[in-house]
Amino acid sequence: MNELLSRAAPLRMRPRVLVPADPRRPRGAPVGTEAVVVGGGIAGISAAVVLAERGVAVTLVEAADTLGGRLGAWPHTLPDGTEQVVEHGFHAFFRHYYTWRAMLRRIDPELSFLRPVGGYPVISREWPAEDLTGLPGSPPLNLVALFARSPSLGLRDLLSSNQSLAAQLLAYDRARTTARFDEMPAAEFLASLGMSDRAQAMLFEAFARSFFADPGALSAAELIAMFHYYFLGNPEGIGFDAPDTDHLTCIWAPFRTYLESLGAEVLTGSRVSAITPVDRHLWQVEIDAAPSLRTRHLVLATDPGALRDLVAGSPDTRVAAPKLARKAAAIEVAPPFAVTRLWLDRDVAAERATFNAVSREPTLDSVTIYSRLERPSAEWAARTGGSVVELHSYACDAPDVDAATARMRAELAALWPETAAAEVVHVAQRMEATAPTWPPGGAGTRPAVTGDARGVRIAGDHVDSPFLTGLMERASLTGVLAANDILDEVGAGPEEILGVPQRGLLARR
Ligand SMILES: Cc1cc2nc3c(=O)[nH]c(=O)nc-3n(C[C@H](O)[C@H](O)[C@H](O)COP(=O)(O)OP(=O)(O)OC[C@H]3O[C@@H](n4cnc5c(N)ncnc54)[C@H](O)[C@@H]3O)c2cc1C
């Protein structure tokens, strides 16, 4: 404890420049530069936007009918005829997502569609709710404040915990943390900290599961890295915002318009079935039911399982790019996630928070009251007297989506009794396995943005990034890194990239 306090940083943390712009190099790419980006989620859009802004002729190829991938949204008609747009699910737009927010400023310079969500309570059947918002913005004060304020932890817990292990949370250093903790499951690390079961459940398990894994299936190194990224090393504190309308209206339709205004071609409903190296360092991109494309600069910005399948289905690539083939074949995908949106005939209790992380339920991991979050749901609720509630399960072991919905609904009724008697007017549900996984021992096995195959860059939230980042921001940041590598090859300067301090307060030099 003394060690923690004596090395306290007196200054507030600031974002770091991870990649500086280079004013000595031209901003624009040479005339005639082209690129093909496969995948129209956050990673693909981020790569395409940077390239198109620099004058590169970009073709963006997306398999689904709508852009957005796991942040995507599509029209949906309710039984009463109301047109709504439903999404893959609630997303927290953290304030330290510097790259993704810079991207979003292209379509809304003031980010006026984002609204603070308010508190971030963790709720459970066993213990009172805990709220992680509003803690100080620099270490170790944020850690000390957490211990002092949290009802499940006291300063005594900090003093009696295994301090040399607890200090590892403040000592994040990519190389050292990985070397020491990558093989260890996060559950084992948490158990050996010596904290109470309540503290583990309320503070760490719910956090670990938002990375689509049970703590037993998550690497302790990844948990420590993410604890630094989202909490201890986050210059903005742990606050986040969310869109005040659906993602199609505020994000994906404007991005499509923006890209097309820059001359990019956006192909939706176009699945890439194979990639083949051809003469003069070009890649041929085969598209289902559309003419193939040829490119010198290929960005693969798919979800992890799709990258594995695409490379497996591209025999010539497996021969010409063995490193990429080896890494792609080794990609593991997280267990399925389930998202169920319920239109209920009545409101939930007034004191419920808009977004709630859930601890220690077998299936349910979060609850969001959409009718208090976004305008279209609020309008439906005001008209009908009902409410719109979304339930998430991040590592779901239900046999199918109906079972997942039934389980989450029953668990919600136990947590919020007023929902037990509510009639479900309509359900939209989805279960799929497209998220990356960070198992113990996984370091060094993932595809990197560059260097795995000539002319091919890989982007996405599953990709090994040289900079500490997570989830949506990891997708965006790797997309910009992919674009920067292409710009570098053609002689143009990089896009600036900001991030959090990359090392913990106690990390040794
Ligand atoms: C329920 C849920 C909640 C989440 N909550 C949060 C949150 O609160 N905060 C946060 O930061 N992150 C959150 N995430 C994670 C976030 O959604 C992802 O990190 C991010 O969207 C990943 O973007 P991506 O571009 O890497 O991949 P994706 O979004 O998966 O995009 C990949 C795209 O590639 C396309 N594609 C795949 N194969 C092909 C092919 N062969 N040809 C053409 N196109 C292809 C896919 O259709 C898809 O559109 C959440 C995710 C889920 C599922």
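Given the structure is predicted, the values throughout are model-derived calculations rather than measurements.

### Looking at the overall build of the protein
In terms of helices and strands, the protein carries 17 helices and 22 strands. Against the 2.2 N^0.38 benchmark of 23 Å for 509 residues, the protein shows a C-alpha radius of gyration of 23 Å, consistent with a compact globule. With the principal axes as the frame, the protein shows a C-alpha extent of 65 × 60 × 40 Å. Looking at the protein residue by residue over its 509 residues, the buried ones come to 51%. Counting contacts in the protein only where the partners sit at least 6 residues apart, residues at least 24 apart contribute 74% of the total.

### Structural notes on the site of the ligand
By nearness alone, 35 residues border the ligand, and Gly39, Gly41, Gly69, Ala306 and Leu471 come closest of all. When residues of the shell around the ligand are traced back to their parent elements, those giving at least two are α2 (42-53), α12 (304-312), β16 (337-344) and α17 (471-489). Across the shell around the ligand, the residue classes break down as 18 nonpolar, 12 polar and five charged. Each of two domains, domain 1 (16-63 + 269-333 + 439-499) and domain 2 (75-96 + 112-118 + 240-245 + 335-432), supplies a minimum of three residues to the shell around the ligand.

### So, the environment of histidine 297
Along the chain, histidine 297 falls in the loop between β14 (290-295) and β15 (298-300). Along the chain, histidine 297 and aspartate 488 lie 191 residues apart, while their C-alpha atoms are 12 Å from each other. In this structure, histidine 297 is in contact with Glu34, Ala35, Gly455 and Ile486, ignoring residues within four places of it in sequence.

### Examining the sheet that holds strand β20 (residues 424-432)
The seven strands are arranged β9-β8-β17-β18-β19-β16-β20 in an open sheet whose pairing can be described as mixed. Because the sheet does not close on itself, it has two edges, and the strands there are β9 (130-131) and β20. Relative to strand β18 (residues 366-369), strand β17 (residues 355-358) is paired through three bridges, and the arrangement is antiparallel. Residue pairing across strands places asparagine 356 opposite valine 367, the latter belonging to β18. Most of the contacts of helix α16 (residues 401-415) go to β20, to which it runs at about 120°, and overall it touches β8 (121-123), β16, β17, β18, β19 (387-393) and β20.

### As for the UniProt feature "binding site: FAD" (unreviewed entry) in the protein
Within this numbering scheme, the UniProt entry marks Glu62 and Ala63 as carrying the feature "binding site: FAD" (unreviewed entry). Looking at where glutamate 62 falls in the secondary structure, it is placed in the loop between β3 (57-61) and β4 (73-77). Ignoring sequence-local partners within four residues, the contact set of glutamate 62 consists of Gly39, Gly40, Leu67, Leu267, Thr268 and Ser270. Tracing the chain through its elements places alanine 63 in the loop between β3 and β4.

### Quick word on helix α11 (residues 247-261)
The first and last C-alpha atoms of α11 sit 20 Å apart over 15 residues, in line with the 21 Å expected at 1.5 Å per residue. Among the structural elements, α2, β3, β4, β5 (83-87), β10 (240-243) and β11 (265-267) are those in contact with the buried residues of α11. Taken from the residues just after α11, glycine 263 is the one with a positive phi, measuring 90°.

### So, the nonpolar core
The biggest cluster of nonpolar side chains holds 153 residues, and the ones touching the most others in it are Val37, Ala47, Ala48, Leu51 and Val299. Setting aside anything within four residues of it in sequence, one finds valine 37 in contact with Gly44, Ala47, Ala48, Val58, Leu60, Val299 and Ala301.

### Re the packing of α12 against helix α14 (residues 322-329)
The geometry of α12 relative to α14 is characterised by a closest axis approach of 8 Å and an angle of 130° between their N-to-C directions. By the criterion of interaxial angle, the relationship of α12 to α14 is oblique. Relative to α14, the crossing made by α12 is left-handed. Residues Leu307, Arg308, Val311 and Ala312 of α12 touch α14, and the partners they reach there are Leu324, Ala325, Ala328 and Ala329.

### Considering the domain arrangement of the protein
Segmenting the protein into domains produces domain 1 (16-63 + 269-333 + 439-499), domain 2 (75-96 + 112-118 + 240-245 + 335-432) and domain 3 (134-232). A straight line from the C-alpha centre of domain 1 to that of domain 3 covers 33 Å. Looking at side-chain class alone, the side of domain 1 that touches domain 3 contains four nonpolar, four polar and no charged residues.

Rules used in this analysis
Residues numbered from 1 in each chain as written. Predicted model: local features only at pLDDT ≥ 70, side-chain atom pairs only at ≥ 80, totals over all residues. Helix = DSSP H or I, 4+ residues; strand = E, 2+ residues; numbered from the N terminus. Rg over C-alpha atoms; globule rule 2.2 N^0.38 Å. Buried ≥ 20, exposed ≤ 12 C-beta atoms within 10 Å, placed from the backbone. Contact = placed C-beta atoms within 7 Å. Near = placed C-beta within 6 Å. Nonpolar A, V, L, I, M, F, W, Y, C, P; charged D, E, K, R; others polar. Domains from an automatic or database assignment. Pairing = 2+ DSSP bridges. Axes fitted to C-alpha atoms, helices over the stretch in contact; angles between N-to-C directions. UniProt positions renumbered as here; feature names shortened; annotations may be inferred. Expected span 1.5 Å × (residues − 1). Core = buried A, V, L, I, M, F, W, Y, C linked by C-beta atoms within 7 Å. Parallel < 35°, antiparallel > 145°, perpendicular 65-115°, else oblique. Left-handed = near helix turned anticlockwise from the far one by under 90°.

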